[in-house]
Amino acid sequence: MSRPITIRQIAKKANVSIGTVSHVINETANVREKLRIRVLDAIRSLGYQPSQLARGLRRNQTSMLVMMIPDVTNPFFPAVIRGVEDVAFQYKYRLVLCNSDNDHRKESLYLNEMQSYRPAGWLVIPSVDSDMATHFSAKTSGPPVVCLDRQAQGWNGDVVLVANEAGAYSATRHLLRMGHRQLAVITGPLHLENAVERLNGFKRALSEANVPIDANYIQEGRFERSSGHVAAKRLLCMLPRPTAIFACNDLMALGALLAAREVGLHCPDEISIVGFDNLDFAEFTAPPLTTVHQPGYQLGATAARLLADRIVGSREAPQRIVLPTELRMRNSVAPPSG
Ligand code: RIB
């Protein structure tokens, strides 16, 4: 393997000083055009590749953005990441992904380790019980941070969310308008702010309709399909059985559809099911899933643009941006049978 090309070799070939080569590579000063062309020709002919890491250490900042996601297997997050990456690339930043597995200890390990790579900024979708607020508040200086999708406890910096409470409210109102009065909910992990907000939307709709909330009909899930399946099986064995289930994300709604089939209940004739996310598969489930659309791509792109503004020096007060959600009616809801 050939030795890396040095700035000294480029200077010799271009017959200029090392300082001139450094100014051309790092764009740190104006260089006469004919010298600049000689340096660029020497770089091309020698096949020189600047070390981004060395440049980052000199500047104490790279062009790297670190994005923390809580569950790399959840199909909700690729659209969010795509939104971030499109904007990052446009601003010449390069994205590094860290998967916390919804484990705050793994998240903290990444937050500490990745700091040494001098990222230009952070985008964090917090894990359950995230310590991100404590971690970043302890640093008076350091690259900007944008929290997205879930409001981390104690975080008062920039945050980009969706209208979780309003989305859950509209889903529950739809079930009420269809005549349901025995409604159950499968929540996300209630350590997460967005899970609490969706439960609150469910409760507000029932309260406004003077429909009593049966505590047994509130089952906590983990935003994973298996937890939705287990919770739905438990709900569908209760007497009286709920006639409708609001699952606070589409993966748990998928689990509920499977549970209904396993216990021999037809959706929607015998059990109505609503989800949250509007993932691509929602159109293709049997029956197609009524769900709350949340703009994953826009969530990521908005957070990345806010971060890019901070990196170049925006000193506005911390922003709290909430993107709209929208109920997408399909075929998994019908009036209660009998
Ligand atoms: O499906 C995963 C859930 O976790 C989504 O609803 C999204 O809001 C994320 O927080």
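Residues numbered from 1 in each chain as written. Predicted model: local features only at pLDDT ≥ 70, side-chain atom pairs only at ≥ 80, totals over all residues. Heavy atoms only, no water.

*Asks:* Any chance you could break down the pairing of strand β1 (residues 64–69) for me, citing the residues and the numbers?
*Replies:* Consecutive side chains along a regular strand alternate between the two faces of the sheet. Summarising burial for β1: six of the six residues are buried, a large majority. Across the two faces of β1 the burial is the same, with M64, V66 and M68 and L65, M67 and I69 all buried. Two strands pair when backbone bridges link them, and β1 and strand β2 (residues 94–99) are joined in this way by six bridges, in the parallel orientation. Pairing of L65 across the sheet is with L95, part of β2. Handedness of the β1-helix α5 (residues 77–90)-β2 crossover: right-handed. Examined bridge by bridge, β1 and strand β3 (residues 121–124) share four bridges and lie parallel to one another. For L65, the partnering residue across the bridge sits in β3 and is G121. (Buried < 20%, exposed > 50% of the residue type's maximum accessible area, 1.4 Å probe, protein only. Helix = DSSP H or I, 4+ residues; strand = E, 2+ residues; numbered from the N terminus. Pairing = 2+ DSSP bridges. Right-handed = clockwise from strand over helix to strand, strands pointing away.)

*Asks:* Please set out the pattern of salt bridges residue by residue, giving values where relevant.
*Replies:* Taken as a whole and assessed by the stated rule, the structure comprises twelve salt bridges. The salt bridge partner of R310 is D158, with a shortest N-O separation of 2.6 Å. Taken together, the residues R310 in helix α12 (residues 296–311) and D158 in strand β5 (residues 158–162) connect sequence positions 152 residues apart. Residues R310 and D158 agree in their burial class; the two are buried. Ionic contacts of the salt-bridge type, sharing partners, join the residues E165, R204 and E208 into one network. (Salt bridge = Lys/Arg side-chain N within 4 Å of Asp/Glu carboxyl O.)

*Asks:* Describe unusual backbone geometry, and please don't skip the residues or the numbers.
*Replies:* Leave glycine aside and you will find that most residues have negative phi; peptide bonds, for their part, are mostly trans. Here the bond from L239 into P240 is cis, since omega is -5°, no more than 30 degrees from zero. Along the polypeptide, P240 turns up in the loop between α10 (225–236) and β8 (244–247). The omega torsion of the bond from C267 to P268 falls at 10°, within 30 degrees of zero and hence cis. Phi is positive for N210, which is not a glycine, with a value near 55°. Along the chain, the position of N210 falls in the loop between α9 (193–208) and β7 (218–220).

*Asks:* Talk me through the packing of α10 against helix α11 (residues 250–262); I want residue IDs and the actual numbers.
*Replies:* In a pair of packed helices, the angle between the axes and the distance between the axes together describe the arrangement. As a packed pair, α10 and α11 sit with axes 7 Å apart at the nearest point and diverge in direction by 45°. Taken together, the axes of α10 and α11 lie oblique to each other. Crossing of α10 against α11: the hand is right-handed. Across from R225, S227, G228, H229, A232, K233 and L236 in α10, the residues of α11 making contact are L251, M252, L254, G255, A256, L258, A259, A260 and E262. Tallied by class, the residues present in the contact of α10 with α11 amount to nine nonpolar, four polar and three charged. (Axes fitted to C-alpha atoms, helices over the stretch in contact; angles between N-to-C directions. Parallel < 35°, antiparallel > 145°, perpendicular 65-115°, else oblique. Left-handed = near helix turned anticlockwise from the far one by under 90°. Contact = heavy atoms within 4.5 Å. Nonpolar A, V, L, I, M, F, W, Y, C, P; charged D, E, K, R; others polar.)

*Asks:* Any chance you could break down the side chain of H135 for me, citing the residues and the numbers?
*Replies:* Relative to the elements of secondary structure, H135 occurs in helix α7 (residues 132–137). Beyond its immediate stretch of four places on either side in the chain, H135 contacts L111 and N112.

*Asks:* Describe the sheet that holds β3, listing the residues and the values that go with them.
*Replies:* Taking strand neighbours across the sheet as the criterion, the six strands line up as β2-β1-β3-β4-β5-β11 in an open arrangement whose pairing is parallel. Bordering the open sheet on either side are β2 and β11 (320–323), each of which pairs with just one other strand. Here the average twist between neighbouring strands, direction ignored, is 15°.

*Asks:* So, the site of the ligand: which residues are in play, and what are the values?
*Replies:* Looking at the ligand, the residues that line it are N74, F76, F77, D149, R150, N194, R198, F223, N249, D277 and Q294. Here an oxygen atom of the ligand sits 3.0 Å away from a polar atom, N or O, in the side chain of Q294. About the coverage of the ligand: the protein hides 100% of its 280 Å² of free accessible area. Split by residue class, the shell around the ligand holds three nonpolar, four polar and four charged. Split by domain, the residues of the shell around the ligand number at least three in each of domain 2 (61–162 + 296–324) and domain 3 (164–294). (Near = heavy atom within 4 Å. Polar contact = N/O pair within 3.5 Å; in protein donor to acceptor, adjacent residues only side chain to side chain. Areas by Shrake-Rupley, 256 points an atom, 1.4 Å probe, with all protein chains shown as cover. Domains from an automatic or database assignment.)

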